[in-house]
Amino acid sequence: MEALSPADLQPILDEIAHAMASATDRGEPATYIPELGCINPDQFGIALCLPGGQVLQAGDAATPFSIQSISKVFTLAIALGRLGDSLWSRVGREPSGLAFNSIVSLEQNNGIPRNPFVNPGAIAVTDAILHGLQPRDVLAELLRFLRTAAEDNDIHIDKDVALSELAHAHRNIAMAEFMAAHGNLQNPSALTIGTYCHQCAVEMSCVQLARAGRFLAGFPDAARLVSPARVRRINALMLTCGHYDASGDFAYRVGLPGKSGVGGGILAIAPGRASIAVWSPGLNAQGNSKLGAEAMEHLAHATGWSVFG
Ligand code: GLN
């Protein structure tokens, strides 16, 4: 298929943003993190980066939002860079078929989480990169990684969101303690969960997120943060595990590796073609952005982008 030009793509983004602005069924923002529950659900943004360096956007693409679980992609990249394949002794690579915050598979798998994108898996990854360091060192490394990837220094952590989550983190603390009981936690759970809640509270706009995702799209001009072989594997995990118990549905409807967060953002990768970010705070029953997933489906349909040919 011929590459689509920015002139072909901008009307598609405008049409998507227009359709999403008038959608009436927008899902519900996450309320279990009280700060996220206060966000106006009428917002929608979309941005994409192309291999030539162009950035296209529509709607509220410049508004920062809480990236939440999308941070798990970046901490995984950092952990694989630091620990290599030894990370896989602590976390699996299989879809869970369960909610992002489910604890049941931990008991079935002796404290080894199913994959790095469900909460316990991401907590294990954060715990691994925290080993021997202080939380502030890990958070500084994450911000450095994101700022380098996005070529934008204006990326920060929203402390109010981090503390709001931390005050209600009983479930994540329980999972960390459960892993500790199985020897799968290297730091005190309070340190690991404190770091994890702050990493989830990074704020980025769709434009910043799409720019940060360019290294996953394999663009020649993107920062060489991760080797091509590892990029392929991170994309494989995003495709199979990036949307929890809706990962199969996202792969079917959109056909691209993607990672969602309860802040309402989704990062999706069309390898060699585009890095795409959408955001709308209302979530569906699986905790993924309702309009975000619809927008990705619309975009994939209009462009023909798919990893399945
Ligand atoms: N910080 C959130 C949590 O741990 C992330 C979940 C998500 O985005 N799905 O619950």
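The present account deals with the structure reproduced in this document.

Rules and cut-offs
- Residues numbered from 1 in each chain as written.
- Predicted model: local features only at pLDDT ≥ 70, side-chain atom pairs only at ≥ 80, totals over all residues.
- Heavy atoms only, no water.
- Near = heavy atom within 4 Å.
- Polar contact = N/O pair within 3.5 Å; in protein donor to acceptor, adjacent residues only side chain to side chain.
- Areas by Shrake-Rupley, 256 points an atom, 1.4 Å probe, with all protein chains shown as cover.
- Helix = DSSP H or I, 4+ residues; strand = E, 2+ residues; numbered from the N terminus.
- Contact = heavy atoms within 4.5 Å.
- Expected span 1.5 Å × (residues − 1).
- Buried < 20%, exposed > 50% of the residue type's maximum accessible area, 1.4 Å probe, protein only.
- Arc of directions from axis to C-beta.

Looking at the site of the ligand
Argument step 1. Near the ligand the following residues occur: Y32, Q68, S69, F100, N119, E165, N172, Y196, C200, Y244, G261 and V262.
Argument step 2. One of the side-chain N or O atoms of Y244 is found 2.9 Å from a nitrogen atom in the ligand.
Argument step 3. Separating an oxygen atom of the ligand from a backbone N or O atom of V262 is a distance of 2.8 Å.
Argument step 4. When isolated, the ligand has an accessible area of 300 Å², and the protein chains bury 99% of it.

Section: the environment of P6
Argument step 1. With respect to the element layout, P6 can be found in helix α1 (residues 6-21).
Argument step 2. Here the alpha-carbon distance between P6 and L56, two residues 50 residues apart in the chain, equals 7.3 Å.
Argument step 3. When sequence neighbours within four positions are dropped, the list of residues in contact with P6 reads P11, L50, Q54 and L56.

Comments concerning α1
Argument step 1. Here α1 contains 16 residues, and its C-alpha end-to-end distance of 22 Å stays within 8% of the 22 Å for a straight helix at 1.5 Å per residue.
Argument step 2. Every buried residue of α1 is accounted for by L9, I12, L13, I16, A17 and M20. All buried residues of α1 project into a common sector of 135° when viewed along the axis, lining one side. Structural note: α1 exposes A7, H18 and A21 on the side pointing more than 90 degrees away from its buried face.
Argument step 3. As for α1, its buried residues are in contact with β1 (45-49), β2 (55-59) and α14 (290-303).

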